[in-house]
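If you want the building blocks of each chain, they are given just below.
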Amino acid sequence: MPIVSVTTWPTDNDEQCRELMEELTATVHRITGAPLDKITVYVREVPRERWSEGGVLGSNPEFATLSRRTG
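Residues numbered from 1 in each chain as written. Predicted model: local features only at pLDDT ≥ 70, side-chain atom pairs only at ≥ 80, totals over all residues. Heavy atoms only, no water.

Trainee: Can you lay out the packing of aromatic side chains for me, pointing to particular residues and giving the numbers?
Mentor: With the rule as written, the count across this model stands at two aromatic pairs. Centre to centre, the rings of Trp9 and Trp51 are 5.7 Å apart; their planes meet at 70°, and the pair counts as edge-to-face. Pair noted here: Trp9 is in the loop between β1 (3-8) and α1 (14-32) and Trp51 is in the loop between β2 (40-45) and β3 (52-53), with a separation of 42 residues, a long-range link. For Trp9, a relative accessible area of 18% puts it in the buried group. By relative accessible area, which is 21% here, Trp51 ends up partly exposed. Through a chain of ring-to-ring contacts, the aromatic side chains of Trp9, Trp51 and Phe63 assemble into a single cluster. (Phe/Tyr/Trp six-rings, centres within 6.5 Å; stacked < 30°, edge-to-face > 60°. Helix = DSSP H or I, 4+ residues; strand = E, 2+ residues; numbered from the N terminus. Buried < 20%, exposed > 50% of the residue type's maximum accessible area, 1.4 Å probe, protein only.)

Structure below.
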């Protein structure tokens, strides 16, 4: 049955994470018809210092700008 994996930076907002998992479960159920008790959703949180985009660590204060450069 469906397994949904979400990878993101750590968050302290447990309510937001719970809501995301509930909504993903409901959407998978609605679209695929899979039984609710057979849908697995898990959130994997990766520390910012272990994540990079464009070679720029997520913990870099200028991440939003530097990770979007193209050259």
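Trainee: Describe the pairing of β2, naming the residues involved and giving the relevant values.
Mentor: As paired strands, β1 and β2 are joined by six bridges and run parallel to one another. Each bridged residue has a counterpart across the sheet, and for Thr8 the counterpart in β2 is Glu45. In the classification by handedness, the crossover that spans β1, the intervening α1 and the parallel β2 is right-handed. (Pairing = 2+ DSSP bridges. Right-handed = clockwise from strand over helix to strand, strands pointing away.)

Trainee: Just give me the short version of the nonpolar core, but keep the residues and values in it.
Mentor: Generally speaking, a soluble globular protein has its nonpolar side chains buried in company with each other. Listed in full, the five residues of the largest apolar core are Val4, Val28, Ala34, Ile39 and Val41. Excluding its chain neighbours within four sequence positions, the residues that come into contact with Val4 are Leu24, Val28, Thr40, Val41 and Tyr42. (Core = buried A, V, L, I, M, F, W, Y, C linked by side-chain atoms within 4.5 Å. Contact = heavy atoms within 4.5 Å.)

Trainee: Residues and numbers for the pattern of salt bridges, please.
Mentor: This model, assessed by the stated rule, comprises three salt bridges. Linking Arg18 and Glu22 is a salt bridge whose minimum nitrogen-to-oxygen distance equals 2.4 Å. Taken together, the residues span about one helical turn, with Arg18 and Glu22 both in helix α1 at a distance of four residues. Glu22 gets classed as partly exposed once you look at its relative accessible area, which sits at 43%. (Salt bridge = Lys/Arg side-chain N within 4 Å of Asp/Glu carboxyl O.)

Trainee: Break down the environment of Thr7 for me, with residues and values.
Mentor: Positionally, Thr7 belongs in strand β1. Here the alpha-carbon distance between Thr7 and Tyr42, two residues 35 residues apart in the chain, equals 8.7 Å. Beyond its immediate chain neighbours, meaning those up to four positions away, Thr7 contacts Arg44, Val46 and Trp51.

Read these as geometric descriptors, not functional statements.
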